[in-house]
Amino acid sequence: NDYIDSIIIIAIVILNAIMGLIQEEKAEKSLEALKSMSAPLTKVRREGKTVCIPAKEVVPGDIVLLETGNYVPADARLISSSHLKVEEASLTGETIPILKEANVVLEEKVELGDMVNMVFSSTMIVSGHGEAIVTETGMHTKVGKIATMLVENEAPQTPIQKKLAQVGKTLGIGCLFICFFIFGIGLMKKIEPMEMFMTSVGLAVAAIPEGLPAIVTIVLSIGVTKMARKNSIIRKLPAVETLGSSNVICSDKTGTLTQNKMKVVEEFTLDGEKKQLLEFSCLCTDAQIEIQQGKKVVLGEPTEVALVNRALQENIDKRELNKDKRRIGDIPFDSNRKRMTTIHEKENQYFFITKGAPDIVLQKCTYYQKKGKVIPMDENTKRRILEENENMAQKALRVLGVAYKISNQKQEKWQASKVEENLIFVRFGRDDRSSTRRRKTSSRNL
């Protein structure tokens with residue numbers, strides 16, 4: 001009987017350690033499986049040859065080939081670029097893709113978000129292509145330094161750890177007080193000191209809740225299991241309790257609570273015909289369609305991906321449109337102009353398609369299209385378009401206008417001042433950019 005309590009206590013401690021170890025081992029295996037599934041490959045030029053290698057094998061001095069849809073494997077200095085746009089939301093929080101320029105020379109001290117001649121690890125190429133020479137890899141990259149700070153900083157105690165520490169401190173002080181009190185009474189009663197010492201120690205042991213650690217571990221393990229059923233992996237057991245104790249969670253919405261994806265939710269046209277709107281808006285993008293695992297996947301900026309996906313819903317494939325109207329030039333989006341234009345050729349005719357902010361595009365339009373007819377723009381139609389634009393803007397919708405014109409004259413160099421004039425206003429596209437709080441959805445809607 002003298003050994004029963006000791007055996008029970010040891011068994012509880014061992015059970016507690018085993019359960020915690022099993023749960024955390026499961027989480028580690030799940031994370032490792034996810035890492036192996038998402039291990040990216042990258043193209044590099046070595047000894048004059050282009051080879052595809054795992055991103056983790058990239059070393060400083062490698063020349064990396066950057067293409068739409070690729071993740072940047074390391075920090076690198078651009079040596080060439082063509083309409084290269086990079087999404088840096090994971091690093092800087094900036095949701096709008098950044099236009100990168102290889103020929104730009106910057107001052108010595110420049111903020112991270114302004115380094116337009118550099119690309120950084122963990123960011124993604126959304127359009128264009130380029131080449132860059134690797135400067136930093138692994139933990140020496142910008143995102144690696146952030147990871148280092150997270151590793152070096154000690155995690156604060158969770159609420160339950162603080163409460164258990166407080167309970168332990170209170171019990172310890174209480175046990176010592178009781179032990180000294182009982183020991184003193186025994187000496188006053190002239191009881192043997194050794195006998196009173198054993199009695200005091202027995203009281204102290206009885207006051208300690210040996211089953212508490214096991215109960216806490218079991219409850220947290222149950223929480224981890226339930227979270228795993230909802231596809232949420234918890235690495236450390238106390239994290240479950242921390243999540244359960246949270247009343248308010250503050251987070252950057254884009255790419256955190258959402259997937260930084262958008263979709264077209266509604267279109268407005270003057271005559272109800274949407275096919276031409278979808279075709280032109282689809283053509284006036286840099287997004288690309290690729291076949292991945294037998295499915296069509298659109299790569300590019302979230303806004304343009306949304307437009308191409310909307311066209312695919314109506315069986316309009318951008319690849320087929322490009323065959324019919326071959327793209328021969330473009331005037332990229334400019335924050336001052338607030339629009340972009342692409343130039344397409346078909347049977348010696350040149351199509352100029354412009355998309356951008358409706359009020360800005362409307363200023364360049366002298367005609368509008370209705371029921372297949374081109375009609376001179378009048379004040380009533382302008383007013384109607386601007387009213388619709390205002391109504392949509394008040395609903396937190398990002399609105400895009402589409403216009404075009406056709407010419408038989410070819411130019412050596414397409415200039416915005418000449419191309420983006422006397423356009424035919426086609427229609428509106430309603431693009432919802434609602435917050436997750438309003439729509440309760442896991443993606444940005446366009």
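What counts and how
- Residues numbered from 1 in each chain as written.
- Predicted model: local features only at pLDDT ≥ 70, side-chain atom pairs only at ≥ 80, totals over all residues.
- Heavy atoms only, no water.
- Core = buried A, V, L, I, M, F, W, Y, C linked by side-chain atoms within 4.5 Å.
- Buried < 20%, exposed > 50% of the residue type's maximum accessible area, 1.4 Å probe, protein only.
- Helix = DSSP H or I, 4+ residues; strand = E, 2+ residues; numbered from the N terminus.
- Pairing = 2+ DSSP bridges.

Participant: Before we go on, may I ask you to explain the nonpolar core in this structure?
Facilitator: Soluble globular proteins tend to pack their nonpolar side chains together in the buried interior. If you look at the biggest cluster of nonpolar residues, it comprises 21 residues, and the most contacted ones within it are F280, V298, V308, I353, V402 and Y404. Every element with two or more residues in this core is listed here: α9 (275–283), α10 (302–313), β16 (397–407) and β17 (423–432). At five residues, the largest contribution of residues to this core is made by α9. In terms of nonpolar packing, the next biggest core, distinct from the first, is built from 16 residues, V44, I53, A74 and V119 among them.

Participant: Before we go on, may I ask you to explain unusual backbone geometry in this structure?
Facilitator: One can expect most non-glycine residues to show negative phi and most peptide bonds to be in trans. Backbone geometry at H83 places phi at a positive 50°, although glycine is not the residue there. Its place among the elements puts H83 in strand β4 (residues 75–87). Phi at N422 takes a positive value of approximately 55°, unusual for a residue other than glycine. Here N422 shows up in the loop between α14 (416–419) and β17. We classify N422 as partly exposed; its relative accessible area is 46%.

Participant: Where do I start with the pairing of strand β15 (residues 373–376) in this structure?
Facilitator: Remark: a regular strand shows side chains that alternate across the two faces of the sheet. In this structure, strand β14 (residues 365–370) lies alongside β15, joined through four bridges in antiparallel fashion. What sits directly across from K370, in β15, is K373. From the end of β14 to the start of β15, which pair antiparallel, there are two residues, and K371 there has a positive phi angle of about 55°.

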